[in-house]
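Remarks on the overall topology
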There are 2 protein chains.
Amino acid sequence: MAIIKRETDYAVRALRKLAGADDFVSVSVLAEGEDVPAIFLRKIMQRLNRAGMVQSRQGPFGGYRLNVAPEDITLLDVVETVQGPLVMNECFVEPEVCRRTEFCPVRVRLAELQVELNARLAEVTLGEVFSAEPAGEGAAR
Amino acid sequence: MAIIKRETDYAVRALRKLAGADDFVSVSVLAEGEDVPAIFLRKIMQRLNRAGMVQSRQGPFGGYRLNVAPEDITLLDVVETVQGPLVMNECFVEPEVCRRTEFCPVRVRLAELQVELNARLAEVTLGEVFSAEPAGEGAAR
DNA sequence: GATAATAGGAGTGATATACTCTTATTGAAT
DNA sequence: ATTCAATAAGAGTATATCACTCCTATTATC
Ligand code: SF4
Ligand code: SF4
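Residues numbered from 1 in each chain as written. Chains lettered and ligands numbered in written order. Predicted model: local features only at pLDDT ≥ 70, side-chain atom pairs only at ≥ 80, totals over all residues. Heavy atoms only, no water.

1. A look at the packing of aromatic side chains
Residues and elements named next belong to chain A. Using the following cut-off: Ring geometry is summarised as follows: Phe, Tyr and Trp rings, the Trp one being its six-membered ring, pair when their centres sit within 6.5 Å, and such pairs are stacked at plane angles under 30 degrees, edge-to-face over 60 and tilted between the two. Under the scheme used here, helices are H or I runs from DSSP no shorter than 4 residues and strands are E runs no shorter than 2 residues, and both carry numbers assigned from the N terminus. Relative accessibility under 20% of the residue-type maximum defines a buried residue, over 50% an exposed one, and the middle range a partly exposed one, all with a 1.4 Å probe and only protein chains included. Working rule: Lys NZ or Arg CZ, within 6 Å of ring centre, within 35 degrees of ring normal, means a charge sits over the ring.
Counted by the stated rule, this structure contains two aromatic pairs over all chains. Ring centres 5.8 Å apart and planes at 85° place the aromatic pair Tyr 10 and Phe 40 in the edge-to-face group. Residue Tyr 10 is found in helix α1 (residues 6–19), and its partner Phe 40 is found in helix α3 (residues 38–50); the two are separated by 30 residues along the sequence. Tyr 10 sits in the buried class, given a relative accessible area of 11%. Taking NZ or CZ as reference, Arg 107 lies 4.6 Å from the ring centre of Phe 92, over its face.

2. A closer look at the site of ligand 1
To keep things clear, this is the line we draw: Any residue with a heavy atom positioned within 4 Å of a molecule or strand is treated as near that molecule or strand. Asp, Glu, Lys and Arg are counted as charged, while Ala, Val, Leu, Ile, Met, Phe, Trp, Tyr, Cys and Pro are counted as nonpolar; the rest, among them Gly, fall into the polar class.
The environment of ligand 1 is formed by Asn 89, Cys 91, Cys 98, Arg 100, Thr 101, Cys 104, Val 106 and Arg 107 of chain A together with Arg 6, Asp 9 and Arg 13 of chain B. Mapping the residues near ligand 1 onto chains gives chains A and B. Elements that contribute at least two residues to the shell around ligand 1 include exactly α5 (105–123) of chain A together with α1 (6–19) of chain B. Ranked by the residues each element gives to the shell around ligand 1, the list is headed by α1 of chain B, at three residues. A per-class count over the shell around ligand 1 returns four nonpolar, two polar and five charged.

3. So, the site of ligand 2
Lining the immediate surroundings of ligand 2 are Arg 6, Asp 9 and Arg 13 of chain A together with Asn 89, Cys 91, Cys 98, Arg 100, Thr 101, Cys 104, Val 106 and Arg 107 of chain B. Around ligand 2 the close residues trace back to chains A and B. Mapped onto the shell around ligand 2, the elements with two or more residues apiece are α1 of chain A together with α5 (105–123) of chain B. Broken down by element, the shell around ligand 2 gets its largest block of residues, three residues, from α1 of chain A. Each residue belonging to the shell around ligand 2 can be placed in one class, and the counts come to four nonpolar, two polar and five charged.

4. Overview of the side chain of Arg 13 of chain A
Here is the rule: Note on contacts: a residue pair is in contact if any heavy atoms of the two residues lie within 4.5 Å.
If you trace the backbone, Arg 13 of chain A turns up in helix α1. Apart from the residues lying within four places of it in its own chain, the contact partners of Arg 13 of chain A are Arg 6, Glu 34, Asp 35 and Val 36 of chain A together with Cys 98 and Arg 100 of chain B.

5. As for the nonpolar core
Short version of the rule: What is meant by a nonpolar core is a set of buried Ala, Val, Leu, Ile, Met, Phe, Trp, Tyr and Cys residues, joined one to another through side-chain atoms within 4.5 Å.
Met 45 of chain A together with Met 45 of chain B are the most contacted members of the largest nonpolar core, which has 76 residues in total. Once you skip the residues sitting within four places of it in the chain, Met 45 of chain A turns out to touch Ala 14, Leu 18, Val 27, Leu 30, Val 54 and Tyr 64 of chain A.

6. Digging into the protein's contact with DNA strand D
Selection rule: Definition of a polar contact: a pair of N or O atoms within 3.5 Å, with one able to donate and the other able to accept a hydrogen when the atoms are protein atoms, and with sequence-neighbouring residues admitted only if both atoms are side-chain atoms.
Lining the immediate environment of DNA strand D, one finds 25 residues, of which Ile 39 of chain A together with Lys 43, Gln 46, Gly 63 and Tyr 64 of chain B sit closest. Near the protein, meaning within 4 Å, the atoms of DNA strand D are sugar or phosphate in a fraction of 62%, with bases accounting for the rest. With respect to DNA strand D, the side chain of Asn 49 of chain B contributes an N or O atom lying 2.8 Å from a phosphate oxygen. For the surface near DNA strand D, the elements supplying multiple residues, two or more each, are α1 and α3 of chain A together with α3 (38–50), β2 (54–57) and β3 (63–66) of chain B. No other element matches the five residues that α3 of chain B contributes to the surface near DNA strand D. For the surface near DNA strand D, a count of residues per class yields eight nonpolar, ten polar and seven charged.

Next comes the structure, spelled out in structure tokens:
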């Protein structure tokens, strides 16, 4: 199973394009050449908007633009905003799923992993990732 | 989303019980008091069996027994056997899902996280986890 | 105020997860 | 040897999640 869902991956692609523009960009332009169904990307952008990560404007010449600097957006932010919180096991978000939570040694180990995974995801910023792209950008193949 | 699925969690519970027995234990006994649907656990045990982690015997007085010492079973083993391989993103297992794999900086970061997550999961052995259980065991509560 | 471009949000099909039913095996008692 | 009950094997089903689409509301420009 993949931990990162398609929607999150698509969100990163769109945010990358937004980072390279300073005006509002429409969803159809954002989806262009990114192998993302535009109509699906719209839904994803809505979530980023509700989370305040981007700003939207309706009507002609509308679209989305970044509301937060790429350096201040972490991979964890995108994951949690788009696909929801990431947990090692269900018992971390749904206490009633298991009555062992109090004295479960498995859970203790998983909690450690959970903290570490989140920390690693939070270490990666979009600013960093985008700056690492191959020099000859724009119409990359 | 939970990274560890119910089936994997159930597998660990069953393996814990097997670790405390030295004869074959039937699925119905394994499921007893573990809040696991016995008939579902059976399917899970089949996977552990095919992977060689446990040994099965049919007929009366049959069931399952460990085929590998708990110290030699890692959490990663159980996860991969029961719910399949764990990857950060689909492009790690399905190359045709994306044509950017060659020059994608996101993928590079995810690959690092992937290695680390797997390493951490592989560090945790069932032997270690089970030995950490509260002293008064057996009829816990 | 009409128009066309755009975002908003409800809705749908496909896939994966969680769980069950039926069939085949086998050890032991007769 | 034959029967029988206990047990595992594997096919099958309901529900939840994922991936994606359709229709409706908004709004800048003419
Ligand atoms: S057994 Fe432990 S790890 Fe599994 S769901 Fe219960 S508390 Fe969480
Ligand atoms: S964009 Fe990068 S991380 Fe995402 S699927 Fe493609 S190669 Fe993988």
